[in-house]
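Fold and contact review
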Amino acid sequence: INQAQEFDRFEMPVDEAIEWARVNGQPYKEELLNDLKRSGTTVAKDLDADELGLAAEGDAAVEKVSFYKNGEFVDLCRGPHVVNTKEVGAFKLLRVAGAYWRGNEKNAQMQRLYGVAFATQEELDQYLAMLEEAKKRDHRKLGIELDLYATSKLIGAGLPLFTPRGTILRDKLNELAQSYRLDRGYQKVWIPHIAKLDTYKTSGHFEKFPELLRFTSTESGDELALKPVNCPHHTQIYASRPRSYRDLPLRLAEYGTCYRYEQSGELFGVMRVRSMNMNDAHIYCTAEQFAEEFRAVNEMYLKYFKIFGLDRYQMRFSTHDPARLGQKFVNEPELWKKTEDMVRQVLIESGINYVEVANEAAFYGPKIDVQVWSAIGREFTIATNQVDFAVPARFGLTYRDRDNTEKTPLCIHRAPLGTHERFIGFLIEHYAGNFPLWLAPEQVRVLTLNDEAPLVEYAKSITAELRAQFVRVEGDWSANPVKAKIADAEISKVHTMLVVGQRDLEAGVVSVR
């Protein structure tokens, strides 16, 4: 490092680079270069799975690629790099882990090195301290210790089972979402968990989720699939009757379950699963109504942030790449420009902190990913807000406007808490299991100083009275020492403890801890 070895950047025509990879026995680099030449990207999820790594013929999407040279070592790299090794700063290698090539479990397994670098040692030390705290708050550890969810090899990977305590968290989040639904004019709907495969071919999701969980009906011969999203079903509720501009905006909401076959290497506790639930909604509106509807959704996010004590957040505004129209994005350049301009204007007028990122939009329109930071500074993506000008047209959705012409509505996809599995995982880490009173699975535990009958009966009467008031309360009137009872309640992250002894019994009171 102290030798200040330089990193020299140079470029090479893409065809020469492919030949360099072939001659130097670099099959993985050759595969990436083929993809760069064909499609201009190496991101596997953005490419046709059947073409990954195959030799590309014809015109190149990129003419040149960059290399870096350090002494005798030469390698393909997008960069950028520091000028020399002395500028590396403070760094630390963290761990080594296995990873499937391009995230596909059918490919060879690679060794991946994880490391971090910062400009100063102080910044590195702060980051490492955050990682240590994150280990203590890891939702996979606390979720099991606090009896919030369980996993089963028999049931399958990525399919968490929520216990009674964990189900309370799910129910309270749903109640919160339902209160906002009623207040803002959303209408509740219900849809089945399966659909004909043609549904997703029409919507375009078949291409996005090629490994749908699907099966064939033995009776009709129809190809069916477990739904990866809710929106195609909701389009058919819209389409079930003629619509006028007077019916819009139409806000359809549902607590829905979706299924996606995530790669085994991508599964992560309850944050990345194969069965997920969300308070999903689709708002069908006119172009004139869009700004107000989109603004209202963003304001809903801000209210949620306040409820959960999230002081640091950012909206990540994802736009399309004009070069990828007809590939990654629906080929409607005018609609892309129009909807992106509308979203940008709403964000600016609302004074919301946002960053704009190209080439990350949904295939059917621009979107906003909601980034939040937990109490210890870890960044999470918890929700999304998407504009859709393509799927309504694909399903032939229309409304009759004031001038008696038929027009296609815009659709806003919104799920302000994201999937509840992921959000619960975030909340476990954010609160370190110490949930606020309204959310705590066990709000109160009544503890007795001993197990004498009069004291136990008094404690039971307090417990019954609290339950009658819909307080989530449990009791511990065992013969264990009170210090042990308190320690057990603290381990279980009980919000409030009520300790009762002989004096409390005589005075008809409790001691709050």
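Placed above this text is the structure.
Parameters and conventions
Residues numbered from 1 in each chain as written. Predicted model: local features only at pLDDT ≥ 70, side-chain atom pairs only at ≥ 80, totals over all residues. Heavy atoms only, no water. Helix = DSSP H or I, 4+ residues; strand = E, 2+ residues; numbered from the N terminus. Contact = heavy atoms within 4.5 Å. Areas by Shrake-Rupley, 256 points an atom, 1.4 Å probe, with all protein chains shown as cover. Core = buried A, V, L, I, M, F, W, Y, C linked by side-chain atoms within 4.5 Å. Buried < 20%, exposed > 50% of the residue type's maximum accessible area, 1.4 Å probe, protein only. Pairing = 2+ DSSP bridges. Axes fitted to C-alpha atoms, helices over the stretch in contact; angles between N-to-C directions. Parallel < 35°, antiparallel > 145°, perpendicular 65-115°, else oblique. Nonpolar A, V, L, I, M, F, W, Y, C, P; charged D, E, K, R; others polar. Polar contact = N/O pair within 3.5 Å; in protein donor to acceptor, adjacent residues only side chain to side chain. Left-handed = near helix turned anticlockwise from the far one by under 90°. Phe/Tyr/Trp six-rings, centres within 6.5 Å; stacked < 30°, edge-to-face > 60°. Salt bridge = Lys/Arg side-chain N within 4 Å of Asp/Glu carboxyl O. Expected span 1.5 Å × (residues − 1).

Overview of the overall build of the chain
Along the chain, the regular secondary structure elements total 15 helices and 24 strands. Structurally, the chain occupies a C-alpha span of about 90 × 75 × 55 Å along its principal axes. Long-range contacts, defined as pairs at least 24 residues apart, comprise 68% of the intrachain contacts of the chain with a sequence gap of at least 6. With an accessible surface of roughly 27000 Å², the chain has 50% of that area assigned to carbon and sulfur atoms.

Quick word on the nonpolar core
Core analysis: the biggest nonpolar cluster contains 74 residues, and Phe290, Phe308, Val370, Ile382, Phe426, Leu427 and Phe435 have the highest contact counts within it. With seven residues, the top contributor of residues to this core is helix H9 (residues 287-307). Residues Trp20, Leu33, Val62 and Phe67 belong to the second largest nonpolar core, which totals twelve residues.

Looking at the pairing of strand E11 (residues 223-226)
Relative to E11, strand E9 (residues 194-196) runs antiparallel, the two being bridged by three bridges. Its bridge partner being in E11, Ile194 is matched across the sheet by Leu226. Where strand E10 (residues 214-216) and E11 come together, three bridges link them in antiparallel fashion. Bridged to Phe215 within E11 is Leu224.

A closer look at the side chain of Ser39
Its location among the elements puts Ser39 in helix H2 (residues 27-39). On the accessibility criterion, Ser39 (14% relative accessible area) is buried. Leaving out residues up to four positions away in the same chain, Ser39 has contacts with Leu47, Ala61, Arg324 and Gln327.

As for the sheet that holds E10
Sheet architecture is open: three strands sit in the order E9-E11-E10, paired in antiparallel fashion. The open sheet terminates on both sides in strands that have one partner only, identified here as E9 and E10. Direction aside, neighbouring strands of the sheet carry axes that sit 30° apart on average.

Focus on the packing of helix H5 (residues 164-183) against helix H12 (residues 420-431)
As a packed pair, H5 and H12 sit with axes 11 Å apart at the nearest point and diverge in direction by 110°. By the angle between their directions, the pair H5 and H12 is classed as roughly perpendicular. Judged by residue contacts, Leu169, Arg170, Leu173 and Asn174 of H5 engage His420, Glu421, Phe423, Ile424 and Leu427 from H12. Tallied by class, residues from the contact of H5 with H12 come to five nonpolar, two polar and two charged.

Details of the side chain of His205
Relative to the assigned elements, His205 resides in helix H7 (residues 205-208). Here Ser203 takes part through its side chain, which lies 2.7 Å from a polar atom of the side chain of His205. Those residues in contact with His205 that sit more than four places away from it in its chain are Tyr200, Val229, Cys231, Pro232, Phe363 and Tyr364.

Describing the packing of H9 against helix H10 (residues 333-350)
Taken N-terminus to C-terminus, the directions of H9 and H10 make an angle of 45°; their axes are 10 Å apart at the nearest point. The angle between H9 and H10 places the two elements in the oblique class. The chirality of how H9 crosses H10 is right-handed. Taken together, the residues of H10 that come into contact with H9 (itself represented by Ala287, Phe290, Ala291, Phe294, Arg295 and Asn298) are Lys338, Met342, Val343, Val346, Leu347, Glu349 and Ser350.

Topic: the sheet that holds strand E14 (residues 313-318)
With respect to topology, eight strands assemble into an open sheet ordered E8-E12-E13-E20-E17-E16-E14-E15, the strand pairing being mixed. The sheet is open, and its two borders are formed by strand E8 (187-188) and strand E15 (354-357), each paired with just one other strand. Pairing of strand E17 (residues 379-388) with strand E20 (residues 410-415) involves five bridges; the strand directions are antiparallel. Bridge pairing in E20 links Val387 to Ile412. Along the sheet face, H5 touches E8, strand E12 (250-259) and strand E13 (275-285) and points at about 5° away from the line of E13. In this fold H12 packs onto E12, E13, strand E16 (367-373) and E17, with an angle of close to 115° to the strand it touches most, E13.

Describing the packing of aromatic side chains
The full count for this structure, using the stated rule, is 18 aromatic pairs. Seen in terms of ring centroids, Tyr238 and Tyr284 are 4.9 Å apart; in terms of plane orientation they differ by 45°. Their pairing is tilted. Taken as a pair, Tyr238 in helix H8 (residues 231-238) and Tyr284 in strand E13 lie far apart in primary sequence, 46 residues in all. Here Phe363 and Tyr364 contribute two aromatic rings whose centre-to-centre distance is 4.8 Å and whose plane-to-plane angle is 65°, an arrangement assigned as edge-to-face. Take Phe363: its relative accessible area is 14%, and that puts it in the buried class.

With respect to the pattern of salt bridges
One pass over the structure, following the stated rule, counts 33 salt bridges. The salt bridge partner of Asp183 is Arg184, with a shortest N-O separation of 2.9 Å. Residue Asp183 is classed as exposed on the basis of its relative accessible area of 57%. Accessibility expressed as a relative area gives 23% for Arg184, which makes it partly exposed.

Some remarks on the environment of Val494
With respect to the secondary-structure elements, Val494 resides in the loop between helix H14 (482-491) and strand E23 (496-500). Separated by 54 residues in the primary sequence, Val494 and Ala440 have C-alpha atoms spaced 7.4 Å apart. Among all residues touching Val494, those that are not within four sequence positions of it are Glu442, Gln443, Val444, Arg445 and Ala489.

Notes on H5
With 20 residues, H5 extends 29 Å between its outermost C-alpha atoms, agreeing within 8% with the 28 Å of an ideal straight helix rising 1.5 Å per residue. Here the buried face of H5 lies against strand E7 (161-162), E8, E12, E13, H9 and H12.

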